[in-house]
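# Coordinate inspection notes
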Amino acid sequence: MTFEKILLRNVDLPNSEKIDVYLERRGYQALRKALYVHTPEALINMVRKSGLRGRGGAGFPTGLKWSFVPKDSDVTKYVCVNTDEGEPGTFKDRLLVERDPHSVIEGTIITSYAVGAHRAFVYIRGEFFMGVKRWMKAIDDAYARGFLGKDILGSGFDLDLSVHRGAGAYICGEETALLESLEGKRGEPRPKPPYPAQVGLYGQPTLVHNVETLANIPHIVLRGPEWYAQIGAENSTGPKIFCVSGHVKRPGNYELPLGTPLREIIYDHAGGIRDDKEVKAVIPGGASTPMLTAEHLDVSMDFESLAAVGSMLGTGGIIVMDEDTCIVDATLRLTRFFAHESCGKCTPCRVGTQRLVDILQRIEDGRGQEGDVDRVLGLCQGIMGHTFCALGDAAVNPTLSSIKHFREEYEYHIEHQRCIASS
Amino acid sequence: MPPEELEDVPSRSPTEEQTRRSMLLTALYIAQEQYGYLSEEALQRTAERLNISLKDAYSTASFYSLFQIQPLGRYVIQVCEGLSCHLAGGAERLVEYIQRKLGIEVGQTTPDRLFTLQTVQCLASCGTSPTLRINDELYEDMTPEKADRLLDQLAGR
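Residues numbered from 1 in each chain as written. Chains lettered and ligands numbered in written order. Predicted model: local features only at pLDDT ≥ 70, side-chain atom pairs only at ≥ 80, totals over all residues.

## Description of the packing of helix α3 (residues 40–50) of chain A against helix α6 (residues 101–115) of chain A
All names here are of chain A. Interhelical geometry of α3 versus α6 gives an angle of 120 degrees and a closest axis separation of 7 Å. Relative to α6, the element α3 lies oblique. Viewed along their axes, α3 and α6 form a crossing whose handedness is left-handed. Listed contacts from α6 to Pro-40, Leu-43 and Ile-44 of α3 are Ile-110, Tyr-113, Ala-114 and Val-115. Considered class by class, the residues forming the contact of α3 with α6 number seven nonpolar, no polar and no charged. (Axes fitted to C-alpha atoms, helices over the stretch in contact; angles between N-to-C directions. Helix = DSSP H or I, 4+ residues; strand = E, 2+ residues; numbered from the N terminus. Parallel < 35°, antiparallel > 145°, perpendicular 65-115°, else oblique. Left-handed = near helix turned anticlockwise from the far one by under 90°. Contact = placed C-beta atoms within 7 Å. Nonpolar A, V, L, I, M, F, W, Y, C, P; charged D, E, K, R; others polar.)

Below, the structure written as structure tokens:
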């Protein structure tokens, strides 16, 4: 069955990033409807009813997040568009921003109207130079057509939107670190609570949303929450962009309903495994989500089903590894990433991740010592739950999940000083 | 923040100091562009303009990987060595090839200060790996042959 694309419906059109192309595709009609037909309160209810959950990794219900923002009209509030995509295995937000920036802008304006924010910021990953250019051009054009600025479409609602470029730090995708960075500081996460919806940028209520989350909003407003809620699974509604990479024949972004079986995504959409090999392991939602194995291929790709098998939907970044992959090597690479990106604020994460890399490295190099697997597990216990932000927990997931499923490979490495996969 | 302070979250705009501080990353990008890297002088000038201490400017700059405290080559080559690029095959081959071609190791700059070679983690292009970045340009589906032509082109050969 082919699924009618919603979020990626424009990206393959010529000049899809241009405002005129977007307008021809019913662009900014949802904004008009939001401003003229609905009250902010009604919009919040619509998004709640749609069941939309955040697409940046945490999966928090979007409407609920909106309802946490104080209603007082005299309180300064902000909306931030999180374009700091950096979770290994994830490449969907970059696509949306480069090829369909207006859908994200429209979602941002509607969101700002719903919570009464008059100032919004795009925080974009410093490496996304093309994205920065596309954002800036799209925002200029939106101003020129009256979708941004004073008295938007004659509604009396004002909103300013500007771009802020990050400078290379994975942690700034974490919402409170993002706010610190927007304020011109080191991107070190803040303790939560208070949550940004109450105390955020400059101490004011702030909504931070992922790009893909915002791109859903115009469709919910235009076609209604009931239409939206019938897409996907029961508590995981709507479409999702799955990014498939690794040992597949056709890596790429595939938009499908939440709840699509992992097997279908890998074999029907991404073309199956290269050289028709077998699947050994799959990371379902970006580097920080626990690894699964070939046994889990029938899992439905939604929040609940993945939690039930001990993993997470995360960003929907699916990394596929074939039968010849060295699990220790893959785990080492993922862990090295987290060790590098640890901001250094919390000792268990700063020191623990580095120590984890050291031990994994020696196992990989054939210098593993007896007891190293338990040593590694002990380290993970020391990091997990002992850090300000989720990076600590994320950093131990590759190790914990790979030992859970492939412990014998670690033992083989230690005992034989080489990999079972290459023997 | 204790609850009593939450009570009086005022309807306020950022202070002038907060607004100025928020310009720091942008100002550092400009300084880096003008000076080639964030030398002490560049950081000093930036700090003065924003009325913050040199220590503060340095502390922030050093947090972010795109800010360079040391002088680098005119072209900074960043090869992605994330898991997806590794699995797709060719990321290591690419690094080895560039090392051989330029006669430098990862982290080094060529003696003519034209190229610096770095490895980075995930450029959010896992579907078109292996990938590399040179200054602000992203290059996808890379091979040693493509890298060879690209580097020759940049070197004006």
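Now that the structure has been shown, the text picks up again.
## So, the domain arrangement of chain A
All names here are of chain A. Each assigned domain of chain A is listed here: domain 1 (19–229), domain 2 (239–322) and domain 3 (327–416). Put simply, the middle of domain 1 and the middle of domain 3, counted by C-alpha atoms, are 35 Å apart. Of the residues lining the interface, nine residues belong to domain 1; the matching set on domain 3 comes to nine residues. Of the residues assigned to the side of domain 1 that touches domain 3, the class counts are six nonpolar, one polar and two charged. (Domains from an automatic or database assignment.)

## Notes on the domain arrangement of chain B
Along its sequence, chain B is organised into domain 1 (14–61) and domain 2 (75–155). Put simply, the middle of domain 1 of chain B and the middle of domain 2 of chain B, counted by C-alpha atoms, are 30 Å apart.

## Here we look at the pairing of strand β3 (residues 160–165) of chain A
Residues and elements named next belong to chain A. Sheet analysis places strand β2 (residues 119–124) next to β3, joined by six bridges and oriented parallel. Across the sheet, the residue bridging to Phe-121 is Ser-162, located in β3. With helix α7 (residues 129–144) bridging β2 and its parallel neighbour β3, the resulting β-α-β unit is right-handed. (Pairing = 2+ DSSP bridges. Right-handed = clockwise from strand over helix to strand, strands pointing away.)

## Things to note about the nonpolar core
Residue and element names in this part refer to chain A. One finds Cys-80, Ile-110, Val-244, Ile-265, Val-282 and Val-320 to be the most contacted residues of the largest nonpolar core, which totals 161 residues. Per-element tally for this core: the top contributor is helix α13 (residues 327–341), with eight residues. Other than its neighbours up to four places away in sequence, Val-320 contacts Val-244, Gly-246, His-247, Val-248, Ile-266, Ile-273, Val-279 and Val-282. (Core = buried A, V, L, I, M, F, W, Y, C linked by C-beta atoms within 7 Å. Buried ≥ 20, exposed ≤ 12 C-beta atoms within 10 Å, placed from the backbone.)

## Regarding the interface of chain A and chain B
Taken together, the contact pairs 45 residues of chain A with 37 residues of chain B. Mapped onto the side of chain A that touches chain B, the elements with two or more residues apiece are α7, α8 (175–182), β5 (239–246), β6 (252–257), β9 (317–322) and α13 of chain A. Ranked by residue count, the leading element in the side of chain A that touches chain B is α13 of chain A, at five residues. Across the side of chain A that touches chain B, the residue classes tally to 19 nonpolar, 17 polar and nine charged.

## Quick look at the sheet that holds strand β4 (residues 206–210) of chain A
Backbone hydrogen bonds hold the strands of a sheet together, and the pairing may be parallel or antiparallel. All names here are of chain A. Strand order in the open sheet formed by four strands is β3-β2-β1-β4, and the pairing between neighbours is parallel. At either end of the open sheet lies a strand with only one pairing partner, and these are β3 and β4. Put simply, the sheet's adjacent strands are angled 20 degrees from each other on average, direction ignored. Inspection of the sheet shows strand β1 (residues 78–83) paired to β4 by five bridges, in the parallel sense. Bridged to Asn-82 within β4 is Asn-210. Running over the sheet, α7 touches β1, β2 and β3 and is turned about 165 degrees from β3.

## Section: the sheet that holds strand β3 (residues 132–134) of chain B
Residues and elements named next belong to chain B. The sheet built from four strands is open, its strands ordered β2-β1-β3-β4 with mixed pairing. One side of each edge strand has no neighbouring strand; the edge strands of this open sheet are β2 (115–120) and β4 (137–139). Taking the axes of each pair of neighbouring strands and ignoring which way they run, one obtains an average angle of 20 degrees across the sheet. Where strand β1 (residues 75–80) and β2 come together, six bridges link them in parallel fashion. Paired with Ile-77 across the two strands is Leu-117, which belongs to β2. Strands β1, β2 and β3 of the sheet are contacted by helix α7 (residues 91–102), whose axis makes an angle of about 155 degrees with β1.

## Some thoughts on the packing of helix α14 (residues 347–364) of chain A against helix α16 (residues 391–416) of chain A
Residues and elements named next belong to chain A. Running from N to C, α14 and α16 cross one another at 20 degrees; their axes reach a closest spacing of 12 Å. Here α16 runs roughly parallel to α14, going by the angle between their axes. The chirality of how α14 crosses α16 is left-handed. The segment α14 lies against α16, with Pro-348, Cys-349, Thr-353, Leu-356, Ile-363 and Glu-364 engaging Leu-391, Gly-392, Ala-395, Thr-399, Tyr-410, His-413 and Ile-414.

## Description of the environment of Glu-140 of chain B
Residue and element names in this part refer to chain B. Tracing the sequence through the fold places Glu-140 in the loop between β4 and α8 (144–155). The class of Glu-140 is partly exposed, set by 14 C-beta atoms lying within 10 Å. The spacing of Glu-140 and Gly-127 is 13 residues in sequence and 9.1 Å in space, taken between C-alpha atoms. Look past the residues within four positions of Glu-140 in its chain and what remains in contact with it is Ser-125, Thr-128 and Thr-131.

## Here's the deal with the confidence of the model for chain B
Residues and elements named next belong to chain B. Taken over all residues, the pLDDT of chain B has a mean of 90, while the share at 70 or more is 92%. Mean pLDDT values over the elements of chain B span from 48, in helix α1 (residues 3–7), up to 97, in helix α5 (residues 54–61). Scored as a whole, the predicted complex attains pTM 0.95, and scored at its interfaces, ipTM 0.92. (pLDDT = per-residue confidence, 0-100.)

## A look at unusual backbone geometry
Following Lys-192 of chain A, the chain continues to Pro-193 of chain A via a peptide bond in cis, the omega torsion being -10 degrees. Positionally, Pro-193 of chain A belongs in the loop between α8 and β4. Pro-130 of chain B follows Ser-129 of chain B through a cis peptide bond whose omega is 0 degrees. Tracing the sequence through the fold places Pro-130 of chain B in the loop between β2 and β3. Phi at Tyr-28 of chain A takes a positive value of approximately 65 degrees, unusual for a residue other than glycine. Looking at Tyr-28 of chain A, the number of C-beta atoms within 10 Å reads 22, which means it is buried. The phi angle at Arg-113 of chain B is positive, at roughly 60 degrees, despite the residue not being glycine. With respect to the secondary-structure elements, Arg-113 of chain B resides in the loop between α7 and β2.

## Concerning helix α15 (residues 372–383) of chain A
All names here are of chain A. With twelve residues, α15 ought to run about 16 Å at 1.5 Å a step, and its terminal C-alpha atoms sit 17 Å apart, in line with that. Where α15 is concerned, the buried positions are Val-376, Leu-379, Cys-380 and Ile-383. Viewed end-on, α15 has its buried residues packed into an arc of 100 degrees, placing them on one side of the element. Exposed residues on α15 whose side chains face more than 90 degrees from its buried face are Asp-374 and Gly-378. Considering only its buried residues, α15 is in contact with α14 and α16. Looking one or two places after α15, you find Gly-385, whose phi comes out positive at around 75 degrees. (Expected span 1.5 Å × (residues − 1). Arc of directions from axis to C-beta.)

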